[in-house]
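Read off the chains here:
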Amino acid sequence: MKTRLILSLMLAVVWAAACGQPGQRGKQAAGNDVPVFLDDSKSIEERVEDVLARMTVEEKVAILHAQSKFSSAGVPRLGIPELWTSDGPHGIRPEVLWDKWSQAGWTSDSCTAFPALTALAASWDPELSKLYGQSIGQEARYRKKDVLLGPGVNICRTPLNGRSFEYMGEDPFLSSTMVVPYVQGVQSNGVAACVKHYALNNQETNRFVTNVKVDERTLYEIYLPAFKAAVQKGGAWAIMGSYNLYNDQWCCQNEYTLNGILKGEWGFDGVVISDWGGAHDTELCVKNGLDLEFGTVTNNPAAASNAYSNYYLADPFLEGVKSGEFDMKALDDKARRVLRLFFRTVMDRNRPYGSFVSPEHIAAARKIGAESIVLLKNDGGVLPLKDEGKILVVGENAVKMMTVGGGSSSLKVKKEYSPLEGIKERFTNAEIVYERGYVGDTDGKFDGVSTGQDLLDNRSSAQLIADAVTAAKDVDCVIFIGGLNKSLFQDAEGEDRKSYDLPYGQDDVIEALCAVAKKMVVVIISGNAVAMPWVDKVPAIVQDWYLGSEAGHSLADVLSGDVNPSGKLPFTIGKQLSDYPASTEAQYPGIPRPEPSKMGVQDVTILDEEYSEGIYVGYRWFDHASIAPEFAFGHGLSYTTFEIGDPKVSGSIEKGLTFSIPVKNTGEVAGSEVVQLYVSAGDSAVERAPKELKGFSKVYLEPGKTATVKITIDKDAISYFDAGKHVWVAEKGDYSALIGTASDVLPKTVEFKY
Ligand code: GLC
């Protein structure tokens with residue numbers, strides 16, 4: 001009896017020690033000494049280890065899953081606060097109820113809507129990306145959000161992808177360069193950036209059940225670089241797993257991408273957060289690298305709709321640890337990562353307090369917007385417009401609010417200046433008249449936020465066009481403002497576009513106006529390329545974006561010439577959809593499997609999708625297939641002209657090969673140019689894209705002035721990924737640096753060897 005008593009006492013002591021009963025381990029929180037985890041003078045790692053040792057198993061599991069729609073638990077007993085996340089990449093989502101998507105009805109959460117990330121990418125300006133990250137991070141901080149669910153950096157593989165507007169275009173180098181300062185800017189506020197959606201989430205159609213099959217080289221050369229840069233150069237504190245599968249494993253519980261690549265090869269020390277509902281199995285979540293589970297709608301009949309204790313990383317995990325199915329090491333690794341996130345954010349007493357809808361943020365939104373607008377065509381110098389005469393503005397996108405809608409990036413703003421408002425405010429000497437031209441999406445609500453606009457118009461399409469044409473005959477200039485919008489099957493989460501064409505009969509409106517207009521400008525507002533069958537009939541074409549709160553001001557700044565356009569396309573605009581690579585069903589949207597599969601407790605049909613075009617994405621494809629685009633990647637005109645001089649080369653590819661490139665503003669007005677450097681490999685052991693962007697630099701010049709732009713490349717710029725050896729290979733041989741101002745305007749070539 002006595003022996004048994006002693007034995008059970010010993011077991012109790014061992015278990016208590018293993019589970020870190022309060023006060024049993026680590027330094028006692030006694031008297032005046034501050035516990036290590038509360039001592040700011042200690043390193044984050046010391047504080048993590050101290051608090052980890054003080055936590056019970058239950059407390060460790062509790063911080064690994066949501067407790068509400070957008071928050072996860074802290075450790076109340078130890079005074080560690082909850083962790084709050086918020087969408088999205090363009091601004092801080094309005095508050096929702098604890099366990100519902102619907103609005104909390106706050107009156108203090110109307111934010112600054114910054115331009116969509118495709119616009120940021122189109123600025124080709126890393127300094128603006130830093131400003132963007134700092135500003136949106138300040139807004140997140142002010143709203144007491146510790147994790148910003150953004151930026152998104154999925155590569156634009158098809159122009160039909162509903163969420164292209166949330167991402168940074170078709171090129172891995174451009175995305176990799178632009179994501180780093182954004183992440184650093186956000187995190188300078190003590191707010192984590194959560195870079196998404198890792199990985200291969202390149203479409204919305206069937207996003208929950210698409211199994212992507214892509215060769216290893218393409219994965220490493222095209223689809224991973226922006227995430228790798230965000231982690232290794234940006235120091236991202238969080239990564240969001242994507243909904244889709246890769247090689248038959250859901251990406252929120254994917255051994256290879258999470259444990260193998262992200263945490264293994266890249267040394268990621270942050271937290272992998274599931275997309276909302278992206279977790280599907282406790283064992284795989286535990287073993288394959290998920291750290292923080294959000295949004296799982298459990299189907300457990302005993303649970304309420306979202307019974308958080310039934311999440312895969314909740315009670316099922318806790319029971320598994322207690323039964324010995326899962327070891328404490330797995331639990332501690334996850335808890336350690338989440339605690340590290342705590343100490344980088346909510347437990348950092350020195351982090352700034354942020355700011356919200358400040359004049360600085362509004363100015364930043366306006367500046368980034370204006371710098372992102374791409375002047376595609378300007379025959380006869382139609383633009384910039386003089387503030388005189390009579391100007392007709394036509395199109396629903398001239399008036400429609402675009403900050404509401406599009407899915408989880410939808411926002412509630414204090415004010416969104418529409419293009420028409422911006423034009424009226426700027427062109428005060430001209431007479432501005434407006435015609436609708438077409439009726440598209442008259443809804444203006446998303447998740448309980450409404451634009452309050454009444455866009456109903458019962459005129460027939462024919463009448464709308466007739467009215468616009470009649471007005472057009474009587475003015476000096478027509479500005480058509482159309483494009484896509486944030487409604488489903490356009491630029492919106494959850495579904496892709498069904499067509500590459502402009503919707504709502506806009507092509508007919510444009511054609512009709514071209515026939516009568518003295519001067520015609522077409523402004524396309526979209527997050528994706530669209531077909532432009534009227535391209536030869538319109539002298540001036542502008543690619544505009546979803547620019548948020550200051551949309552109208554940014555556009556008017558450019559149309560008036562107050563800002564000289566300097567944006568460059570972050571993706572190729574093809575003449576037709578069939579010009580793009582993902583043209584077979586197997587490539588997009590994928591082939592349904594004959595038999596259902598399990599997604600959690602649901603039976604679903606998985607679709608297998610082959611990225612068989614491999615590395616030939618975007619301009620790489622158009623070059624490889626010798627297809628002329630409508631407008632090329634990197635294209636963008638200015639109101640002035642620039643001349644690229646003869647580059648001088650110094651250094652070596654091993655230590656850094658620097659190209660010093662003279663750029664002269666040969667026009668009449670100041671402006672910025674983006675000097676781009678593409679590398680083309682000579683003979684190679686493997687297939688190579690004809691050229692690849694490997695450097696760029698934006699420079700502002702007064703008229704007549706010259707500057708020397710320096711672009712340095714190293715072995716990374718000439719390397720390809722050898723999947724067989726699983727290494728990057730810098731192949732000996734001849735290379736060419738193609739230098740210019742667009743992927744199809746590369747007047748200077750410099751040969752070099754390695
Ligand atoms: C959504 C999106 C993700 C977002 C999350 C929370 O489904 O895919 O980008 O951050 O859920 O709203």
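Up top you'll find the structure we're talking about.
Residues numbered from 1 in each chain as written. Predicted model: local features only at pLDDT ≥ 70, side-chain atom pairs only at ≥ 80, totals over all residues. Heavy atoms only, no water.

### Topic: helix α15 (residues 461-472)
Here comes step 1: Under the 1.5 Å per step criterion, the end-to-end length of α15 is 16 Å for 12 residues, consistent within 8% with the ideal 16 Å.
Here comes step 2: Among the residues of α15, Leu 464, Ile 465, Ala 468, Val 469, Ala 471 and Ala 472 are the ones counted as buried. Looking down the long axis of α15, one finds its buried residues gathered within 160° of arc, a one-sided arrangement. Of the exposed residues in α15, those oriented more than 90 degrees away from the buried face are Ala 462 and Thr 470. (Helix = DSSP H or I, 4+ residues; strand = E, 2+ residues; numbered from the N terminus. Expected span 1.5 Å × (residues − 1). Buried < 20%, exposed > 50% of the residue type's maximum accessible area, 1.4 Å probe, protein only. Arc of directions from axis to C-beta.)

### Examining the pattern of salt bridges
Pairing is possible between side chains of opposite charge, provided their charged atoms come close.
Here comes step 1: Tallied over the full model, the rule gives 53 salt bridges.
Here comes step 2: Ionic pairing is found between Asp 557 and Arg 366, a salt bridge with its closest N-O pair at 2.8 Å. Placement of the pair is Asp 557 in helix α17 (residues 551-559) and Arg 366 in helix α13 (residues 359-372), with a sequence separation of 191 residues.
Here comes step 3: Asp 443 is paired through a salt bridge with Lys 445; the nearest N and O atoms lie 3.3 Å apart.
Here comes step 4: For Lys 445, a relative accessible area of 55% puts it in the exposed group. (Salt bridge = Lys/Arg side-chain N within 4 Å of Asp/Glu carboxyl O.)

### Details of the packing of α13 against α17
Here comes step 1: Where α13 meets α17, the closest approach of the two axes is 8 Å, and the angle between their N-to-C directions is 45°. By the angle between their axes, α13 is oblique relative to α17. As α13 runs across α17, the sense of the crossing is right-handed. Along its contact with α13, which presents Ala 365, Arg 366, Gly 369 and Ala 370, the element α17 presents His 553, Ser 554, Asp 557 and Val 558. (Axes fitted to C-alpha atoms, helices over the stretch in contact; angles between N-to-C directions. Parallel < 35°, antiparallel > 145°, perpendicular 65-115°, else oblique. Left-handed = near helix turned anticlockwise from the far one by under 90°. Contact = heavy atoms within 4.5 Å.)

### Digging into the sheet that holds strand β1 (residues 71-72)
Here comes step 1: Judged by pairing direction, the sheet is mixed, and its 6 strands sit side by side in the order β1-β2-β3-β4-β6-β9 without closing on themselves. The open sheet has two edge strands with one neighbour each: β1 and β9 (271-273).
Here comes step 2: Sheet topology places strand β6 (residues 238-241) next to β9; 3 bridges connect them, and they run parallel. Paired with Ala 238 across the strands is Val 271, a residue of β9.
Here comes step 3: Its contacts with the sheet place helix α6 (residues 172-187) against β3 (147-148) and β4 (192-198), and it is angled at close to 140° to β4. (Pairing = 2+ DSSP bridges.)

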